Amino acid sequence: GAGVSQSPRYKVAKRGQDVALRCDPISGHVSLFWYQQALGQGPEFLTYFQNEAQLDKSGLPSDRFFAERPEGSVSTLKIQRTQQEDSAVYLCASSLGGSGANVLTFGAGSRLTVL
Amino acid sequence: AQSVAQPEDQVNVAEGNPLTVKCTYSVSGNPYLFWYVQYPNRGLQFLLKYITGDNLVKGSYGFEAEFNKSQTSFHLKKPSALVSDSALYFCAVRPTAGTALIFGKGTTLSVSS
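Residues numbered from 1 in each chain as written. Chains lettered and ligands numbered in written order. Predicted model: local features only at pLDDT ≥ 70, side-chain atom pairs only at ≥ 80, totals over all residues. Heavy atoms only, no water.

Caption draft 1: Main features of the state of the cysteines. All names here are of chain A. The full count for this structure, using the stated rule, is two disulfides over all chains. Residue C23 pairs covalently with C92 via a disulfide, S to S 1.9 Å. Given an S-S torsion of about -70°, the disulfide between C23 and C92 has left-handed geometry. Of this pair, C23 sits in strand β3 (residues 19-24) while C92 is found in strand β9 (residues 88-95), placing the two residues 69 residues apart along the sequence. (Disulfide = S-S within 2.5 Å. Helix = DSSP H or I, 4+ residues; strand = E, 2+ residues; numbered from the N terminus.)

Laid out in structure tokens, this is it:
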């Protein structure tokens, strides 16, 4: 597609519910990143895929967070047993390659509110 | 720990005046440096990057940034601000050895007419 598409744009969950956030990267982009952006803060790295391989998941805050990209294209970020502190905007980004100079293209984000 | 600092939460400037948004970083080695802009309810948009070479980098919408290795800074500049430049600006660093961008907290730029 022309850009990175994320869905849903807005999600309200009750504490304890599971949520799934979808990212559709730019076609042909090898690298895919997930970031978490809390209110008034900069994006914080969560995890990174190169094709279908999850090469770095050091930023995932707990084992309630899980991400996958089974066919090397669409990715899903799943949060189990949501907590209020999970409320944030979840940003997905993709890039053509994995080198340091590659520019990340970001989606508009999925805003999660946990009540 | 590797980090990026944007010391100003907000920068206010009058339309037509020059603007500077400051960024310093603490990263080992020779990192790649980026500026992104975020408009309300939209994703981050790439403005410019420094990889190597000339210390003054030109980017989108008339923005430029000056890399200073000794001061570990990468300040964003524009000679003449527009009201439409009002947005949230993020400096980001990618360590040469890693793949993830490290972002600053962001600076809100407000340009008044």
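Caption draft 2: How the structure looks around the nonpolar core. Counting residues in hydrophobic clusters, the biggest one holds 28 residues, and the most contacted among them are W35, L47, L48, F74, L76 and Y89 of chain B. Broken down by secondary-structure element, the contributors of at least two residues to this core are β2 (10-14), β3 (19-21), β5 (32-38), β6 (44-50), β8 (64-68), β9 (73-78), β10 (87-94) and β12 (107-112) of chain B. Considering every element that reaches this core, the biggest residue donor is β10 of chain B, with four residues. In this structure, F74 of chain B is in contact with C23, L33, F34, W35, L48, K49, Y50, A65, E66 and F67 of chain B, ignoring residues within four places of it in sequence. Grouped together as the second largest cluster of nonpolar side chains are 20 residues, V19, F49, L77 and A88 of chain A included. (Core = buried A, V, L, I, M, F, W, Y, C linked by side-chain atoms within 4.5 Å. Buried < 20%, exposed > 50% of the residue type's maximum accessible area, 1.4 Å probe, protein only. Contact = heavy atoms within 4.5 Å.)

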